[in-house]
Amino acid sequence: MFEYEMATARRADLIREADRFRMVQLAKQADRASRGQESERSARGHRSLFTRAA
């Protein structure tokens, strides 16, 4: 009975670890995807490319 309880606890630990790993991978993918979008910070560096209106 003890081995069964240990195996059940280990299985639960592995499932939690896999869920955590999956969440980290999804967060990394979302971060990579958001880098492709233009942000305000990148626009500020290109102000010298445009002429002043007044």
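Please read all numbers here as calculations on a predicted model, not as lab measurements.

Asker: Residues and numbers for the overall build of the protein chain, please.
Answerer: Regarding its fold elements, the protein chain presents two helices and zero strands. Considering the protein chain as a whole, with its 54 residues, one finds that 0% of them fall into the buried category. If you sum the accessible surface of the protein chain, you get close to 5700 Å²; carbon and sulfur atoms cover 56% of it.

Asker: Outline the pattern of salt bridges, listing residues and values.
Answerer: The full count for this structure, using the stated rule, is three salt bridges. Linking Asp19 and Arg22 is a salt bridge whose minimum nitrogen-to-oxygen distance equals 2.7 Å. On the criterion of helical spacing, the pair formed by Asp19 and Arg22 is a turn pair, its members being three residues apart in helix α1 (residues 2–35). Given a relative accessible area of 35%, Asp19 falls into the partly exposed group. Judged by relative accessible area, Arg22 falls into the partly exposed class, the value being 47%. Of the charged contacts in the structure, one is a salt bridge between Arg35 and Asp31, with a shortest N-O distance of 2.9 Å.

Asker: So what about the environment of Arg35? Which residues, and what values?
Answerer: One can find Arg35 in helix α1. In this structure the side chain of Arg35 is engaged in a polar contact, spanning 2.9 Å, whose partner is the side chain of Asp31.

Calculation criteria
- Residues numbered from 1 in each chain as written.
- Predicted model: local features only at pLDDT ≥ 70, side-chain atom pairs only at ≥ 80, totals over all residues.
- Heavy atoms only, no water.
- Helix = DSSP H or I, 4+ residues; strand = E, 2+ residues; numbered from the N terminus.
- Buried < 20%, exposed > 50% of the residue type's maximum accessible area, 1.4 Å probe, protein only.
- Areas by Shrake-Rupley, 256 points an atom, 1.4 Å probe, with all protein chains shown as cover.
- Salt bridge = Lys/Arg side-chain N within 4 Å of Asp/Glu carboxyl O.
- Polar contact = N/O pair within 3.5 Å; in protein donor to acceptor, adjacent residues only side chain to side chain.

These values are about where atoms sit, not about what they do.
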